Amino acid sequence: MNLSLRTRRIVAIALLGLAVLVTLLGLLLMIAAGTEDAAIEGHTGRADADVVSVTAGRTLVRFHTPDGAEHLPSVGVLYPDQLEEGQVVRVEYDTRNPDLVRVQGRGATLTILPVLTTLLAVWAVVGAFVWWLRKPGPLHLRKLRPRRIAV
């Protein structure tokens, strides 16, 4: 398959655009995690919570605030790794918005490694494709010619 120069350029630009978009989303994810942690740290409440449900998309916990109100945040708990149904965990929540809750001792720093690893993988794959697309020829094979020796 021999791609024209124009087609290769368009594909390379599209791949680079996709990589930039994924990078921006990763950075926004880290900023959002930091913002949510800052909100919790600014007005911290603590409680014991029962893990009600664990699915791939979210982990639900139920806890009571000092005023006696029961909370079951519909978006789930932040940083739910290694939680199981029926488990009791200590959580921290924003007293102004008890639906913003995280497992105690966990924070936004847990998002850094997965996001950076994902971005590294995306840029490695995109970089390899862009490098491959910049070379001419169907398989980028060149005939082997003996080098001329300058005399």
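Residues numbered from 1 in each chain as written. Predicted model: local features only at pLDDT ≥ 70, side-chain atom pairs only at ≥ 80, totals over all residues. Heavy atoms only, no water.

Q: Explain the overall build of the chain here, please?
A: Check the secondary structure of the chain and you find two helices and five strands. Secondary structure of the chain in N-to-C order comes out as α-β-β-β-β-β-α. Across the 151 residues in the chain, those meeting the buried criterion constitute 30%. Taking all contacts inside the chain whose residues are at least 6 apart in sequence as the whole, residues at least 24 apart take part in 65%. Of the roughly 10,700 Å² of accessible surface on the chain, a fraction of 63% belongs to carbon and sulfur atoms. (Helix = DSSP H or I, 4+ residues; strand = E, 2+ residues; numbered from the N terminus. Buried < 20%, exposed > 50% of the residue type's maximum accessible area, 1.4 Å probe, protein only. Contact = heavy atoms within 4.5 Å. Areas by Shrake-Rupley, 256 points an atom, 1.4 Å probe, with all protein chains shown as cover.)

Q: Mind showing me how you'd approach the environment of Ala47 here?
A: When you line up the elements, Ala47 lands in strand β1 (residues 44–54). Its relative accessible area of 4% is what places Ala47 among the buried residues. Distance in space between the C-alpha atoms of Ala47 and Arg90 is 5.8 Å, their sequence separation being 43 residues.

Q: What is the right way to read the pairing of strand β5 (residues 97–103) from this model?
A: When a strand is regular, its side chains alternate between the sheet's two faces. With five of seven residues buried, β5 is to be regarded as a mostly interior element. By the bridge criterion, four bridges tie strand β4 (residues 88–94) to β5 in an arrangement that is antiparallel. The partner of Asp94 across the bridge, within β5, is Asn97. Counting the residues that bridge the hairpin from β4 to β5 gives two residues. (Pairing = 2+ DSSP bridges.)

Q: Where do I start with the pattern of salt bridges in this structure?
A: Pairing between side chains becomes possible if they bear opposite charge and their charged atoms approach one another. For the structure shown, the criterion picks out seven salt bridges. Note that Arg96 is salt-bridged to Asp94, the shortest N-O span being 3.3 Å. Note on Arg96: relative accessible area 55%, which makes it exposed. Taking the relative accessible area as the measure of exposure, Asp94 reaches 4% and is therefore buried. (Salt bridge = Lys/Arg side-chain N within 4 Å of Asp/Glu carboxyl O.)

Interpretation note: all reported values are geometric properties and have no functional meaning in isolation.
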